Amino acid sequence: MKIKSIQATPFHHHREAPTGTAGTPARLQPSTSALRWAENYPVIYSSHFETAIIRIELDSGEIGWGESQAPVAPEVACAVVNHILAPVLQETSFDGTIEEIQSLWWKMYSTMRVRGQTGGFMLDGIAGVDLALWDLAGKIAGVPVSSLIGPHRKSVPAYLSGLPGGDPTHAAGFTHVKIFHDSTVDHLLRTLDALSIKVAVDALWRLTSETARDLAPALEARSVQWLEAPLAPESAEAHGALAAAIKTPIAIGESYRTLFELDPFFAAGAMEIVQPDLGRTGITEALRIARAAEARGLVVIPHVSIALGPQIAAAIHFASAIPNCPMLEFNPNVLSVANRFLEEPIRFEEANYFVPESPGLGVKLET
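As the structure is a prediction and not an experimental result, all values here were calculated from the model.

Visitor: Mind showing me how you'd approach the sheet that holds strand β1 (residues 3–14) here?
Guide: In a beta sheet, neighbouring strands pair by backbone hydrogen bonds and run either parallel or antiparallel. Here three strands make up an open sheet; going across it, the order is β1-β4-β5 and the pairing antiparallel. Since the sheet does not close on itself, it has two edges, and those belong to β1 and β5 (63–68), each with one partner. Along the sheet, successive strands turn relative to each other by an average axial angle of 25°, direction set aside. Strand direction decides the pairing type here: strand β4 (residues 48–58) and β5, joined by six bridges, are antiparallel. Bridge pairing in β5 places E57 opposite I63.

In structure tokens, the structure reads:
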């Protein structure tokens with residue numbers, strides 16, 4: 001078989017997601033544009049639900065679905081796929097082996113590596129194609145992607161990501177919840193004190209080494225499960241020094257797309273929890289990251305943000321087959337939107353994702 005065509009399509013969907021959830025973790029500044037600055041830290045968000053969908057067709061007629069994490073300007077990731085990756089991979093032989101997927105990952109990665117494109121949008125595009133190739137591999141073999149990875153569970157425990165509107169009652173039925181440090185420290189501590197379950201805190205990269213250390217005793221006193229994205233993502237040394245100075249485990253990973261990027265953080269002892277985003281790493285590189293984490297005794301908890309079915313399904317398959325993965329991120333608004341565009345919805349019951357059982361990723365987009 002050969003790859004007949006690869007097509008990436010940007011996806012935009014109107015949404016009214018409340019503050020404190022995926023894609024809108026903090027209050028956004030008013031703007032006439034769909035792109036808006038967050039109030040308390042320097043990053044932009046879209047007021048729309050945005051992602052990039054990848055479709056690969058083999059000359060046999062088999063179709064694989066993938067998706068890039070692209071919550072802002074998905075056209076950029078789509079341009080990478082359509083103008084760089086598709087011409088490189090079209091007419092390539094593909095019989096669905098893991099070795100072929102790994103080889104194609106390196107082929108895609110090598111296309112622009114000498115031009116500085118070893119991260120960012122380039123890797124987002126590669127990740128989306130990679131997910132579609134794994135989907136095809138499972139369909140060719142007639143098994144779910146989780147079976148291609150290895151022994152796996154039938155379901156994956158989930159933690160609630162964010163409290164819509166900051167309302168603690170939304171955590172009912174969950175044993176773990178993550179809240180966003182999007183306001184003052186006093187507001188954060190009041191929210192922590194209002195919750196009677198296990199809580200993690202996502203700092204949204206807005207702390208400094210000093211303010212993180214100042215906050216640490218209050219987090220430790222409240223048995224916070226982890227402190228996520230505490231510092232600006234560029235410095236491995238700063239994260240390593242912070243991890244050595246506080247007791248609350250540090251969780252990072254969504255900002256990085258390859259093991260190459262994460263290696264300095266592993267070396268610095270920067271985290272206890274690694275959070276690859278499958279829409280940025282793909283399955284191929286996420287597996288390399290997970291194995292490196294396991295070798296160091298670290299936990300893997302994949303990051304799941306704005307996503308449709310292919311991304312979410314890939315994260316579920318991956319999490320179910322990784323021995324050092326205890327749970328997976330869950331946002332009800334995201335899953336609700338994703339399921340609207342699937343012929344068969346992803347099952348989520350009693351704070352557990354159920355692993356899709358159909359061959360491949362087990363999702364089929366309504367077209």
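Visitor: Is there a simple way to explain the packing of helix α9 (residues 278–295) against helix α10 (residues 309–321) in this structure?
Guide: The interhelical angle for the contact between α9 and α10, taken along N-to-C directions, is 10°, at an axis separation of 10 Å. With respect to each other, α9 and α10 are oriented roughly parallel. Of the two possible hands of crossing, α9 and α10 adopt the one that is left-handed. Facing α9, whose interface residues are L278, G279, I283, A286, L287 and A290, α10 presents Q311, A314, A315 and F318. Of the residues contributing to the contact of α9 with α10, the split by class is eight nonpolar, two polar and no charged.

Visitor: Can you walk me through the environment of N331 in this structure?
Guide: By the secondary structure assignment, N331 is in the loop between β13 (328–330) and α11 (332–340). Looking at N331, the relative accessible area reads 5%, which means it is buried. Sequence-distant contacts of N331, defined by excluding residues within four places in its chain, comprise T21, A22, S161 and Y353. Within the structure, the side chain of N331 is placed 3.5 Å from the backbone oxygen of S161, a separation counted as a polar contact. Among the polar contacts listed, one links the side chain of N331 to the backbone nitrogen of V334, at a separation of 3.0 Å.

Visitor: Just to check I follow, could you spell out the pattern of salt bridges for this structure?
Guide: Two side chains bearing opposite charge may form a pair once their charged atoms approach each other closely. Across all of its chains, the model carries 11 salt bridges by this definition. The partner of E57 in a salt bridge is R55, and the shortest N-O contact between them spans 3.3 Å. Between R288 and E285 there is a salt bridge, with its nearest N and O atoms 2.6 Å apart. Separated by three residues within a single helix, R288 and E285 lie in helix α9, roughly one turn from each other. In this structure E285 comes out as buried when scored by relative accessible area, which is 2%. Each of K178, D202, E228 and E329 takes part in salt bridges that share partners, so that together they form one network.

Visitor: Got a minute to help me understand unusual backbone geometry in this structure?
Guide: Even without glycine at this site, W205 takes up a positive phi of about 65°. Of note, W205 is situated in the loop between β8 (198–202) and α6 (209–221). In this structure W205 comes out as partly exposed when scored by relative accessible area, which is 26%. Of note in this structure, A351 is not a glycine but carries a positive phi near 60°. For A351, a relative accessible area of 15% gives the class buried.

What counts as what
Residues numbered from 1 in each chain as written. Predicted model: local features only at pLDDT ≥ 70, side-chain atom pairs only at ≥ 80, totals over all residues. Heavy atoms only, no water. Pairing = 2+ DSSP bridges. Helix = DSSP H or I, 4+ residues; strand = E, 2+ residues; numbered from the N terminus. Axes fitted to C-alpha atoms, helices over the stretch in contact; angles between N-to-C directions. Parallel < 35°, antiparallel > 145°, perpendicular 65-115°, else oblique. Left-handed = near helix turned anticlockwise from the far one by under 90°. Contact = heavy atoms within 4.5 Å. Nonpolar A, V, L, I, M, F, W, Y, C, P; charged D, E, K, R; others polar. Buried < 20%, exposed > 50% of the residue type's maximum accessible area, 1.4 Å probe, protein only. Polar contact = N/O pair within 3.5 Å; in protein donor to acceptor, adjacent residues only side chain to side chain. Salt bridge = Lys/Arg side-chain N within 4 Å of Asp/Glu carboxyl O.

Just distances and angles here, no functional claims.
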